[in-house]
Amino acid sequence: MSVISPFRSCGPAIDSCAWASWCHLSFLGLWLAGVDGLVHSSRSLDQIFSYEILGFATIQGRLSMMAFILNSLTCALGLWFFIRRGKQCLDFTVTVHFFHMIGCWIYNAHLPSALSWWLVNVACMALMAVIGEYLCMRTELRAIPVNTGPKSNL
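A few points on the structure. (Residues numbered from 1 in each chain as written. Predicted model: local features only at pLDDT ≥ 70, side-chain atom pairs only at ≥ 80, totals over all residues. Heavy atoms only, no water.)

Let's talk about the nonpolar core
Which entries qualify depends on this criterion: Throughout, nonpolar core names a set of buried Ala, Val, Leu, Ile, Met, Phe, Trp, Tyr and Cys residues whose side chains join them through atoms within 4.5 Å. The classification of residues rests on relative accessible area computed with a 1.4 Å probe and restricted to protein chains. Under 20% of the type maximum is buried, over 50% is exposed, and intermediate values are partly exposed. We count a stretch as a helix when DSSP gives it H or I for four or more residues in a row; a strand needs E for two or more, and each element gets its number in order from the N terminus. In what follows, residue pairs with any heavy atoms lying within 4.5 Å of each other are defined as contacts.
Membership of the largest hydrophobic core comes to 16 residues, with the highest contact counts inside it found for Leu28, Leu32, Ile48, Leu54, Phe68, Trp117 and Val120. Only helix 1 (12–39), helix 2 (46–49), helix 3 (59–83), helix 4 (89–108) and helix 5 (115–140) provide two or more residues apiece to this core. Sort the elements by how many residues they give to this core and helix 3 lands first, with 4 residues. Discounting chain neighbours no more than four positions away, the residues touching Trp117 are Tyr51, Leu54, His100, Met101, Cys104 and Pro112. Counting 8 residues, the second-largest nonpolar core is a separate cluster that includes Leu79, Phe92, Met128 and Cys136.

Considerations on the packing of aromatic side chains
This is how the line gets drawn: For Phe, Tyr and Trp, where Trp contributes only its six-membered ring, two rings pair if their centres lie within 6.5 Å, and the inter-plane angle classes them as stacked under 30 degrees, edge-to-face over 60, or tilted in between.
Enumeration over the complete set of coordinates arrives at 3 aromatic pairs. Geometrically, the ring pair formed by Phe98 and Phe99 is tilted, given 6.4 Å between the ring centres and 50° between the ring planes. Accessibility expressed as a relative area gives 43% for Phe98, which makes it partly exposed. Residue classification places Phe99 among the partly exposed residues on the basis of a relative accessible area of 45%. On the numbers, 4.9 Å between centres and 85° between planes, the contact of Trp117 with Trp118 is edge-to-face. The buried category is assigned to Trp117, whose relative accessible area is 3%. Using a relative accessible area of 34% as the deciding quantity, one classes Trp118 as partly exposed.

None of the figures reported here should be taken as evidence of function without further support.
So, in structure tokens, the structure goes:
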């Protein structure tokens, strides 16, 4: 009988998805902390999970949107570092944003209803997937060095 341990690997796909989700939330928190430090605003989980924060009407909402967009660029680098496969970038991007939506749903006790939240998250998904796929494809299509040394006659 095997016991599931949090210290054992669950497989490369699940491990990569867990790392991508961890990077998404960690870097989002860092970007939000940086933005909050610039305007001397207080930090809270509402900035990550509350859909009412994101909006065009307030400075806090616009800065939070900027942090979400910067986070998608950072996470595209994470896709390139952890995933390294262009075909899998869209899958991981959608999975990470789906987990974030589930977190927002649990935090707010209902699905986000603000149009600005959906627009920001769809834009971030598109940026993260396209830039991540571009970086991965550049790495995949890099020329493979061929040994041009002298050949031996056999």
